[in-house]
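# Reading the structure
Here is how the chains run, residue by residue.
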Amino acid sequence: MKFVVLITMGVVVGAILYLMLSAQRFSAEINRQIGKLSDAPVSKPRPEGDLPEILRAFALRGHAGENGFPRVVEFTQELELRQGEKWTAMTARQYIAINNPGFVWVAEGSGWPLPMVRVLDRFVEGEGLLEARLLGAVRVARFKGADADLGEAMRYVAELPWAPDAILLNRSVSWREVDTHVMEAKLPLSEGAAVVQLIFDDAGDVVEIYSDKRPDTSTGETVLREWRGIFGAYADIGGRRVPTEAEVGYLVDGNYVPYFRGRVTSYQTRM
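Numbering of residues starts from 1 in every chain and runs along the sequence as written. Under the rules for a predicted model, residues below a pLDDT of 70 receive no local features and side-chain atom pairs below 80 are neither given nor counted, while totals for whole chains, interfaces and linings still include all residues. To obtain the side-chain values, all non-hydrogen atoms of the structure were included, while hydrogens and water were left out.

## Details of the environment of S218
Filter applied, for reference: Numbering of helices and strands runs from the N terminus, with a helix taken as a DSSP run of H or I at least four residues long and a strand as a DSSP run of E at least two residues long. Residue exposure (1.4 Å probe, protein chains only): buried if accessible area is under 20% of the type maximum, exposed if over 50%, otherwise partly exposed.
Locating S218 in the fold gives a position in the loop between β10 (206-216) and β11 (223-237). According to the relative accessible area criterion, S218 is exposed, its value standing at 62%. For the pair S218 and G84, spaced 134 residues apart in sequence, the C-alpha to C-alpha distance is 8.8 Å.

This is how it looks when you write it as structure tokens:
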């Protein structure tokens, strides 16, 4: 009997050690990706006339460049993610590169000593990846490849309102004026390009983003759908003026179905 107990305890301890080691390796990989965001040197702002005036005014109203241009901006979120009809509360930390296209977003569900679930969403060096791990260790979902590259590049462009410095510095993104309140951003990729529209209100703030086709994998297979996001509650936080509330969703059979909603709880620039 004692032998069986010892064997069982050994298996349990071994499993725990394996989970903790896997979680540590995943954390190390996340930190490595975050480090890549700040590799590029800080460039000079785009010259006058190189940006539509509404974009330049938006970036400057967001205090872009005040006290110097950062390499990365970092902020935290309290959020909910939709899974079917259920919303799951999580917290997240996001890093957005300023000079080159790139971001890393890490969300966690509650749990101790390991998070119940940990989600990595990132676009680094032209490659996109979405990965979820149970207990931060056991992979339960992974989305990678050309569709992931496109989807994550689109997310980077759509979330530029959270990184006003990048609007002035990142020359990889080109802009086209659709009308006085709609700017189209285009980010070239190895296959195609990420194209997203930023929609402004009369005050000159970005209040909505839109694309007519972004990869959606929520059903287990990739489907191109209309994609929409909403920004609001602009506020000065951490030296920048950014939207502190956001919601994102797809249009499914003509109906808007949100899958993310959250608010920014802290913000800082990293030089």
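## Quick word on the side chain of T244
For the record, the criterion: Under this definition, polar contacts are N or O atom pairs within 3.5 Å; protein pairs additionally need one hydrogen-donor-capable and one acceptor-capable atom, and for neighbouring residues in sequence, both atoms have to be side-chain atoms. The contact rule is simple, with two residues in contact once any of their heavy atoms fall within 4.5 Å.
Within the secondary structure, T244 is located in strand β12 (residues 240-252). Its relative accessible area of 13% is what places T244 among the buried residues. Polar contacts involving the side chain of T244 include one to the main-chain carbonyl oxygen of A233, which spans 2.6 Å. Not counting residues up to four positions away in its chain, the partners in contact with T244 are G232, A233, A235, G262, R263 and V264.

## Here we look at unusual backbone geometry
Negative phi is the rule for most residues except glycine; trans is the rule for most peptide bonds. Positive phi, close to 65 degrees, is recorded for H63, a residue that is not glycine. Tracing the chain through its elements places H63 in the loop between α2 (53-61) and β1 (72-83).

## Notes on the nonpolar core
What counts is decided by this rule: In these notes, a set of buried Ala, Val, Leu, Ile, Met, Phe, Trp, Tyr and Cys residues joined through side-chain atoms within 4.5 Å is what counts as a nonpolar core.
Membership of the largest hydrophobic core comes to 55 residues, with the highest contact counts inside it found for W105, Y156 and W175. Per-element accounting of this core gives the leading share, six residues, to helix α3 (residues 146-158). Those residues in contact with W175, other than ones at most four positions away along the chain, are R46, L51, P52, L55, L160, M183, E184, A185 and L198.

## Digging into the packing of aromatic side chains
Definition in use: Between the rings of Phe, Tyr and Trp (Trp by its six-membered ring), a pair exists once the centres lie within 6.5 Å; its type follows the angle of the planes, with under 30 degrees stacked, over 60 edge-to-face, and the other angles tilted.
Taken as a whole and assessed by the stated rule, the structure comprises six aromatic pairs. Between F58 and Y234, the ring centres sit 6.1 Å apart and the planes meet at 85 degrees, which makes this aromatic pair edge-to-face. With F58 in helix α2 and Y234 in strand β11, this residue pair connects regions lying 176 residues apart in the sequence. When sorted by exposure, F58 lands in the same class as Y234, which is buried. Measuring from centroid to centroid gives 5.2 Å for F75 and W162, while their planes differ by 50 degrees, and the two rings are tilted. Separated by 87 residues along the polypeptide, F75 in strand β1 and W162 in the loop between α3 and α4 (164-169) bring together distant segments of the chain. The two residues F75 and W162 agree in class, both being buried.

## Overview of α2
Heads up, the rule is: Arc definition: it is the arc formed by the directions from the helix axis to the C-beta atoms.
Of all the positions in α2, only L55, R56, F58 and A59 are classed as buried. Angular distribution of buried residues about the axis of α2 spans 160 degrees; they occupy a single face of the element. Lining the buried residues of α2 we find α4, β7 (174-179), β8 (182-188), β9 (193-200), β10 and β11. Phi turns positive, to about 65 degrees, at H63, one or two residues after α2.

## Here we look at the pattern of salt bridges
Definition in use: In what follows, salt bridge is the name for a side-chain nitrogen of Lys or Arg lying within 4 Å of a carboxyl oxygen of Asp or Glu.
Counted by the stated rule, this structure contains 17 salt bridges. The shortest N-O distance in the salt bridge between E125 and K36 comes to 3.5 Å. Highlighted residues: E125 in the loop between β4 (117-124) and β5 (127-134) and K36 in helix α1 (residues 2-37), separated in sequence by 89 residues. Residue E125 is classed as exposed on the basis of its relative accessible area, which comes to 59%.

## Some thoughts on the environment of N67
Looking at where N67 falls in the secondary structure, it is placed in the loop between α2 and β1. For N67, a relative accessible area of 77% puts it in the exposed group. In sequence terms N67 and M271 are 204 residues apart; their C-alpha atoms lie 9.9 Å from each other.

## Some words on α3
Since there are 3.6 residues in each turn of an α-helix, residues three or four apart along the chain are aligned in direction. What counts here: For a helix, the expected span equals 1.5 Å multiplied by the number of residues minus one.
For α3, with 13 residues, the first-to-last C-alpha span of 18 Å sits near the 18 Å given by 1.5 Å per residue. Most of α3 sits out of view: eleven of its 13 residues are buried. Buried residues of α3: A148, D149, L150, G151, E152, A153, M154, R155, Y156, V157 and A158, and no others.

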